[in-house]
Amino acid sequence: MKEVKLRALEPEDIDAIYAWENDQESWQDGLTRMPFSRHALSQYIAESSLLDIHTSKQLRLVAVEGGEAVGCVDLYDYEPFSQRAGIGIVVNKELRHQGYGKALLDALEDYCSRHLMLHQLYCTISADNSASQKLFSSKGYRQVGSLKEWIRSSEGYKDALIMQKIL
C-alpha cells in the first residue's frame, strides 16, 4: 500500500499542476475546458496560501511521496454547518493503477475527519469513468444518485453518478 502525505501548494509544484490542468484527456472528467497559463497557475499557487477554507469553501492540497508530487486533492463546496464537502483527485498519469488513488483518498479522509471534523464526503463521477467508480467504491463510497445528461462532452451529454461516504 502506498502512503502519501498532503501539503499546501508550493511554488515548485508549478510544473506538476501545469501538466495536470492542461491534460486535455482529463478535461472530460472535470469542469476544466480550457488550458491554464503558467502565469495564472503561479498566481493561484501564491494566493492559495492566503485562502481560508471557511471563506473560500475550497482547498487544494498536493499529495507527495518521498518529496515528489504524485497527485492533487481538491475539496470544494465545503459546508461547515452540515460538515460535508465535495472531493476530486488527480493522480500523475504515469502513476495510475499503482495504488496512489487509494492512498490519496486515505490521506484526504484522515485530514477531513481529524482536522476539519467533516461528517461526509461526496464526489460526482462521469457514468462512463469506470476506473474512478471502482476506486471510490473500493474505499467505501456508495452511489446515492445520478444526474441525467449532466456532463457535456464532444460525444454529447453524459450521465454523472453521485457517490458519498459517511466518515
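Everything numeric here is computed off the predicted structure, so don't read it as measured data.

Our focus in this paragraph is the packing of helix 5 (residues 100-114) against helix 6 (residues 130-138). Between helix 5 and helix 6, the shortest axis-to-axis distance is 10 Å and the interhelical angle comes to 50 degrees. As judged from the angle between their axes, helix 5 and helix 6 are oblique. Our pair here, helix 5 against helix 6, has a crossing hand that is right-handed. Contacts between helix 5 and helix 6 involve Gly101, Lys102 and Leu105 on the former and, on the latter, Leu135, Phe136 and Ser138. Taken together, the residues of the contact of helix 5 with helix 6 break down into three nonpolar, two polar and one charged.

Mapping Asp13 onto the fold places it in the loop between strand 1 (5-7) and helix 1 (14-21). Residues Asp13 and Val62, spaced 49 residues apart in sequence, show a C-alpha to C-alpha distance of 8.2 Å. There is a polar contact of 2.8 Å between the side chain of Asp13 and the side chain of Arg7.

Each value, and the rule that gives it
Residues numbered from 1 in each chain as written. Predicted model: local features only at pLDDT ≥ 70, side-chain atom pairs only at ≥ 80, totals over all residues. Heavy atoms only, no water. Axes fitted to C-alpha atoms, helices over the stretch in contact; angles between N-to-C directions. Helix = DSSP H or I, 4+ residues; strand = E, 2+ residues; numbered from the N terminus. Parallel < 35°, antiparallel > 145°, perpendicular 65-115°, else oblique. Left-handed = near helix turned anticlockwise from the far one by under 90°. Contact = heavy atoms within 4.5 Å. Nonpolar A, V, L, I, M, F, W, Y, C, P; charged D, E, K, R; others polar. Polar contact = N/O pair within 3.5 Å; in protein donor to acceptor, adjacent residues only side chain to side chain.

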